[in-house]
Amino acid sequence: MVAAAMGVPIRRIEVTVEGDLDLRGTLGVSKEALVGFEQIRVHFEVDAPEATAEQLEKLREKTEQYCVVMQTLLQPPPIQAEWNYAHPAR
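**Student:** Is there a simple way to explain the side chain of serine 30 in this structure?
**Tutor:** Locating serine 30 in the fold gives a position in the loop between α2 (23-26) and β2 (37-47). Serine 30 sits in the buried class, given a relative accessible area of 12%. Only 3.2 Å separates the side chain of serine 30 from the backbone nitrogen of glutamate 32, close enough to count as a polar contact. In terms of polar contacts, serine 30 uses its side chain to reach the backbone amide nitrogen of alanine 33, at 3.3 Å.

**Student:** Mind showing me how you'd approach the nonpolar core here?
**Tutor:** Considering soluble globular proteins, one finds that nonpolar side chains tend to be buried as a cluster. Core analysis: the largest hydrophobic core is formed by five residues, namely Ala3, Val8, Ala48, Ala51 and Leu59. Residue contacts for leucine 59: discarding those within four places in its chain leaves Val2, Ala3, Met6 and Ile10.

**Student:** Looking at this model, I keep getting lost on the packing of aromatic side chains. Mind explaining?
**Tutor:** We describe a pair of aromatic rings using the distance from one ring centre to the other and the angle between the two ring planes. Summed over the entire model, instances satisfying the criterion amount to one aromatic pair. Measuring from centroid to centroid gives 6.1 Å for tryptophan 83 and tyrosine 85, while their planes differ by 40°, and the two rings are tilted. Note on accessibility: tryptophan 83 and tyrosine 85 belong to one class, exposed.

**Student:** Help me understand the pattern of salt bridges in this model?
**Tutor:** Any two side chains of opposite charge can pair if their charged atoms end up close together. Per the stated rule, a full pass over the model turns up seven salt bridges. With its nearest N and O atoms 3.0 Å apart, the salt bridge here joins aspartate 20 to arginine 41. Here the residue aspartate 20 occupies a position in strand β1 (residues 12-21), and arginine 41 occupies one in strand β2, the gap between them amounting to 21 residues. With a relative accessible area of 30%, aspartate 20 lands in the partly exposed category. Across the pair arginine 60 and glutamate 64 runs a salt bridge, and its minimum N-O distance is 3.2 Å.

The rules we used
- Residues numbered from 1 in each chain as written.
- Predicted model: local features only at pLDDT ≥ 70, side-chain atom pairs only at ≥ 80, totals over all residues.
- Heavy atoms only, no water.
- Helix = DSSP H or I, 4+ residues; strand = E, 2+ residues; numbered from the N terminus.
- Buried < 20%, exposed > 50% of the residue type's maximum accessible area, 1.4 Å probe, protein only.
- Polar contact = N/O pair within 3.5 Å; in protein donor to acceptor, adjacent residues only side chain to side chain.
- Core = buried A, V, L, I, M, F, W, Y, C linked by side-chain atoms within 4.5 Å.
- Contact = heavy atoms within 4.5 Å.
- Phe/Tyr/Trp six-rings, centres within 6.5 Å; stacked < 30°, edge-to-face > 60°.
- Salt bridge = Lys/Arg side-chain N within 4 Å of Asp/Glu carboxyl O.

Function-wise, these values are silent; they only describe arrangement.
This is the structure:
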């Protein structure tokens, strides 16, 4: 979407996301293991033979700036959890 809005001629963009996760924390097997991802890596494969180096650099900047997921992970918002029980135990 960003490339289209900027008029950058793109043939294909492929994005691969990988992360490191210790399932022992999530499964409650180890109290020392973290719950959640320890590291996340994003790899972009861009096929744009007609785009200039400047266009591609601007595309990278704007994509990272306006990526909702990336910005949320980099700058997490406050989270509010609310629990409602329909049938509380007595």
